[in-house]
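Here are the chains, one letter per residue:
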Amino acid sequence: MRILVVEDARSLADVVAEGLRDQGMAVDVAYDGLEAAAKLDLNPYDVVVLDRDLPGIHGDALCRMITERDDRATVLMLTAAGAPGDRVSGLTLGADDYLAKPFHFPELVLRVRALARRRPTTRARTLRAAGLELDPVLRTVLRDGRPLALSVKEFAVLEALLRASPGFLSAEDLLERVWDENADPFTNTVTVTVGRLRRKLGSPPVITTTTGVGYRIADAPAP
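I will try to describe carefully the structure that is included in this document. Remember, it's a predicted structure, so these values are computed and weren't measured experimentally.

What counts and how
- Residues numbered from 1 in each chain as written.
- Predicted model: local features only at pLDDT ≥ 70, side-chain atom pairs only at ≥ 80, totals over all residues.
- Heavy atoms only, no water.
- Helix = DSSP H or I, 4+ residues; strand = E, 2+ residues; numbered from the N terminus.
- Buried < 20%, exposed > 50% of the residue type's maximum accessible area, 1.4 Å probe, protein only.
- Contact = heavy atoms within 4.5 Å.
- Areas by Shrake-Rupley, 256 points an atom, 1.4 Å probe, with all protein chains shown as cover.
- Salt bridge = Lys/Arg side-chain N within 4 Å of Asp/Glu carboxyl O.
- Pairing = 2+ DSSP bridges.
- Axes fitted to C-alpha atoms, helices over the stretch in contact; angles between N-to-C directions.
- Parallel < 35°, antiparallel > 145°, perpendicular 65-115°, else oblique.
- Nonpolar A, V, L, I, M, F, W, Y, C, P; charged D, E, K, R; others polar.

### Here we look at the overall build of the protein
Okay, so step 1: Summing up its helical and strand segments, the protein has eight helices and eleven strands in all.
Okay, so step 2: In the protein, buried positions account for 47% of the 223 residues.
Okay, so step 3: Taking all contacts inside the protein whose residues are at least 6 apart in sequence as the whole, residues at least 24 apart take part in 57%.
Okay, so step 4: Surface summary for the protein: the accessible area is close to 10,800 Å², and the carbon and sulfur share equals 54%.

Written as structure tokens, this is what we have:
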């Protein structure tokens, strides 16, 4: 799940981004409307956490820009104005949800996850392949009915692979979907995380690697 946080209060933006990353999301940050518009042109996002009162391009205008896209992200609008009229006007602009500041961070996380599930391209809640069952909402993973304990990044990698199954994801794809724009493209973090995930998933192995192509979930190990 990839999120864009658009907030001109840098301290708040950074805190929200780090908190969402701790929940296993890939998070980019923009501190004004112009920077946000540029990132929206470059990257696909599941959810945009959007401050309403932004410099550069106002949050209202940015919200309209997002909702006019064919493959649009869902929008959670943040604002210091929490009166019912403000909420109505924000939703009228095309925002999918509205949260007044100050907010309770666990509520923000729940709303972001709910909005990601509402995207038209979102698949069924439980992802299944090769004896694996992953529930992105309950944050559970089963292999042949046996529960597995995964780290936040291991869970996110497995979710990305299951969503792509039976197709491949390259290391670069996983960096983009599971980490964020600050990830070092030359790091071995994907290899290390996939290695740990393979060990936890057990035998027979279900994550296969094809040199020059990437990783995928398979019912049986490659010959």
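### A short note on the pattern of salt bridges
Okay, so step 1: All chains considered together, the criterion is met by 15 salt bridges.
Okay, so step 2: Salt-bridge contacts for R111 lead to E107; the nearest nitrogen and oxygen are separated by 2.6 Å. Taken together, the residues span about one helical turn, with R111 and E107 both in helix α5 (residues 105-118) at a distance of four residues.
Okay, so step 3: The partly exposed category is assigned to R111, whose relative accessible area is 23%.
Okay, so step 4: A salt bridge links R128 to E133, with the shortest nitrogen-to-oxygen separation between them at 3.9 Å.
Okay, so step 5: According to the relative accessible area criterion, E133 is partly exposed, its value standing at 34%.
Okay, so step 6: Linked through salt bridges whose partners overlap, the residues forming this network are E7, D51 and K101.

### Re the sheet that holds strand β8 (residues 140-143)
Okay, so step 1: One open sheet holds the four strands; their spatial order is β6-β7-β8-β9, and the pairing between them is antiparallel. Each of the sheet's edge strands pairs with one partner strand only, and the pair in question is β6 (127-129) and β9 (146-147).
Okay, so step 2: With two bridges connecting them, β8 and β9 associate as antiparallel partners. Looking at β9, one finds that R143 is bridged to R146.

### Describing the packing of helix α2 (residues 33-42) against helix α3 (residues 59-67)
Okay, so step 1: Between α2 and α3, the shortest axis-to-axis distance is 10 Å and the interhelical angle comes to 10°. Taken as axis vectors, α2 and α3 run roughly parallel relative to one another. Listed contacts from α3 to G33, A36, A37 and L40 of α2 are L62, M65 and I66.
Okay, so step 2: For the contact of α2 with α3, the per-class residue count stands at six nonpolar, one polar and no charged.

### Here we look at the packing of helix α7 (residues 171-178) against helix α8 (residues 189-201)
Okay, so step 1: At a minimum axis distance of 10 Å, the contact between α7 and α8 shows a crossing angle of 85°. As the angle between them shows, α7 and α8 are arranged roughly perpendicular. Contact residues: α7 offers A171, L174 and L175, while α8 offers T189, V190 and V194.
Okay, so step 2: In terms of residue class, the contact of α7 with α8 is built from five nonpolar, one polar and no charged.

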